[in-house]
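# Architecture at a glance
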Amino acid sequence: EPEVTQTPSHQVTQMGQEVILRCVPISNHLYFYWYRQILGQKVEFLVSFYNNEISEKSEIFDDQFSVERPDGSNFTLKIRSTKLEDSAMYFCASRDRTGLGQPQHFGDGTRLSIL
Amino acid sequence: DAKTTQPNSMESNEEEPVHLPCNHSTISGTDYIHWYRQLPSQGPEYVIHGLTSNVNNRMASLAIAEDRKSSTLILHRATLRDAAVYYCILRDPNNDMRFGAGTRLTVKP
């Protein structure tokens, strides 16, 4: 069964450094998402992306965050200058265009640790 | 997304059925009812979704009240691998999903 893959599984970065989290969505999907989950808290929506542009973003997704689909397979989340509070699990998800109410398929996440 | 209300936690015995309730009294006519679960150290996993009629798949069944103000996820025979946080989410097809706190299901051997 096709799946969403995320790399790396764990990223350790010094505060203030830039970090790029990578995702390979399911190949025929057209909607892409990033979520984060701080340890012990709920899953929080960050951003959705369709047709090479952001569809919706939450208040968490400020100017320090950006997303890109640099080629036909990858979907990336960049944090320009990381802060301690960016430490969290980051999940990528994708969805097929067809069908109302279609589910999102999630990767297993990247654990981001900011030192 | 409209709000949902779920119990914080539930317990079940292995190999017994589990009924996970969800209240969504402010549901609109176009909202789909989605259920996801999150196993320890994994990303959320789609379980099932429906609009008005009850739904069955290989993982679970979804029973939707006639007025659509509540729904129940049914695991017919709980296993230890079903221990997870279960999320009930209302989703307008045009909007993105918002997760609540969910129900933490513990399965006892």
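For the structure, see preceding data.
Here's what I pulled together on the structure shown here. (Residues numbered from 1 in each chain as written. Chains lettered and ligands numbered in written order. Predicted model: local features only at pLDDT ≥ 70, side-chain atom pairs only at ≥ 80, totals over all residues. Heavy atoms only, no water.)

## A short note on the overall build of chain B
The helix and strand tally for chain B stands at zero helices and nine strands. When the helices and strands of chain B are listed from N to C terminus, the series reads β-β-β-β-β-β-β-β-β. Counting only C-alpha atoms, chain B reaches 40 × 30 × 25 Å along its principal axes. Residue burial in chain B is summarised as follows: out of 109 residues, 46% are buried. Summarising the internal contacts of chain B: among those between residues at least 6 apart in sequence, 57% fall at separations of at least 24. When the accessible area of chain B is evaluated, it comes to approximately 5,500 Å², of which 45% is carbon and sulfur surface. Side chains of chain B give 11 positive and 12 negative charges; the mean places of these two sets differ by 3 Å. (Helix = DSSP H or I, 4+ residues; strand = E, 2+ residues; numbered from the N terminus. Buried < 20%, exposed > 50% of the residue type's maximum accessible area, 1.4 Å probe, protein only. Contact = heavy atoms within 4.5 Å. Areas by Shrake-Rupley, 256 points an atom, 1.4 Å probe, with all protein chains shown as cover. Lys, Arg positive; Asp, Glu negative; His and termini not counted. Charge placed at Lys NZ, Arg CZ, Asp CG, Glu CD.)

## Focus on the pattern of salt bridges
All names here are of chain B. One pass over the full model with this rule turns up six salt bridges over all chains. The closest approach of N and O atoms between Asp82 and Arg37, which form a salt bridge, is 2.8 Å. Here Asp82, found in the loop between β7 (70-75) and β8 (84-91), pairs with Arg37, found in strand β3 (residues 32-38); they are 45 residues apart in sequence, far enough to count as distant. Like Arg37, Asp82 is buried. (Salt bridge = Lys/Arg side-chain N within 4 Å of Asp/Glu carboxyl O.)

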